[in-house]
Amino acid sequence: EAEEAGVVALMLRHALETPGQTAALVTPDRQLARRVAAELARWDVLIDDSAGRAVSETPPGEYLRLLARAVAEELAPVALLALLKHPLAAAGMATASFRRQVRALEVAVLRGPRPRPGLAGLRALVDPGGADRGRFASLLAALERCLAPLLDAVTGRQVPLETIIEAHLGAAEALAATDDEPGAARLWSREEGEALATAVAELREASDAMEPIDGADYPALFE
């Protein structure tokens, strides 16, 4: 598959270098189309994909997926860092300050023994030595404010789907907020944010017809 994409990309690049020539790739294979686009991007050639991108692959879509995964894994280090390093995450802080604190937390806490599940596990790793208690107090408080309602919903059993969705979106907006911009404005803005809002609205409408679910099943359902 990689060789096929490379050959197609070379053909398209050759057409691009021939004056007056145009070319298009017509294929029902979305994986091939993505591979060809990636190959061309290595040469700084950006092509217009008429099929567009899946909303789950846009930055806000990926952000919501990472959030669902992180809480499903009870803030395990790898999943938590993937979420906190996403460009949309800020937890109500200035983005530069938030990034610095996340990097410091990673080095000081998350590269050692795996913490116990949830926010309590993070606090337990930070608190014992005493020196880091104040250093990470504001970050942990911000994360608890943003994520606690969703953590509660996802760890519950037989929870109405609509309840979990509302907690998910609430956590996403709270975590996306900066010190000078609300999370909703950052998450749902531009074309990709509007497309994601439409997809989420359809999910919320469909939730009325579904039985309550175990919270642990929600991330897979959302994906």
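What this report covers is the structure whose coordinates are included nearby.

**Notes on a negative patch on the surface**
So, point 1. Judged by side-chain charge, Glu162, Glu202, Glu205 and Asp208 come together as a negatively charged surface patch.
So, point 2. When you line up the elements, Asp208 lands in the loop between α10 (190-207) and α11 (218-222).
So, point 3. For Asp208, a relative accessible area of 60% translates into the label exposed.

**Remarks on the packing of helix α3 (residues 59-72) against helix α8 (residues 161-176)**
So, point 1. Contact geometry for α3 and α8: axes closest at 10 Å, N-to-C directions at 110 degrees. As the angle between them shows, α3 and α8 are arranged roughly perpendicular. α8 is crossed by α3, and the crossing has right-handed handedness. Contact with α3, carried on its side by Tyr63, Leu64, Leu67 and Ala68, involves His168, Leu169, Ala171, Ala172, Leu175 and Ala176 of α8 and no other residues of that element.

**Considering the pattern of salt bridges**
Between side chains of opposite charge, a pair can form when the charged atoms approach closely.
So, point 1. Applying the stated criterion to the full structure yields 12 salt bridges.
So, point 2. Residue Glu17 pairs with Arg13 through a salt bridge whose shortest N-O separation is 3.2 Å.
So, point 3. You can call Arg13 partly exposed: its relative accessible area is 30%.
So, point 4. We note a salt bridge from Glu57 to Arg34, for which the minimum N-O separation is 4.0 Å. Of the two residues, Glu57 is situated in the loop between α2 (30-41) and α3 and Arg34 in helix α2; the sequence distance between them amounts to 23 residues.

Scoring rules and cut-offs
- Residues numbered from 1 in each chain as written.
- Predicted model: local features only at pLDDT ≥ 70, side-chain atom pairs only at ≥ 80, totals over all residues.
- Heavy atoms only, no water.
- Patch = residues over 30% accessible without salt bridge, like charges linked within 9 Å, V, L, I, M, F, W, Y side chains within 5 Å.
- Areas by Shrake-Rupley, 256 points an atom, 1.4 Å probe, with all protein chains shown as cover.
- Salt bridge = Lys/Arg side-chain N within 4 Å of Asp/Glu carboxyl O.
- Lys, Arg positive; Asp, Glu negative; His and termini not counted.
- Charge placed at Lys NZ, Arg CZ, Asp CG, Glu CD.
- Helix = DSSP H or I, 4+ residues; strand = E, 2+ residues; numbered from the N terminus.
- Buried < 20%, exposed > 50% of the residue type's maximum accessible area, 1.4 Å probe, protein only.
- Axes fitted to C-alpha atoms, helices over the stretch in contact; angles between N-to-C directions.
- Parallel < 35°, antiparallel > 145°, perpendicular 65-115°, else oblique.
- Left-handed = near helix turned anticlockwise from the far one by under 90°.
- Contact = heavy atoms within 4.5 Å.

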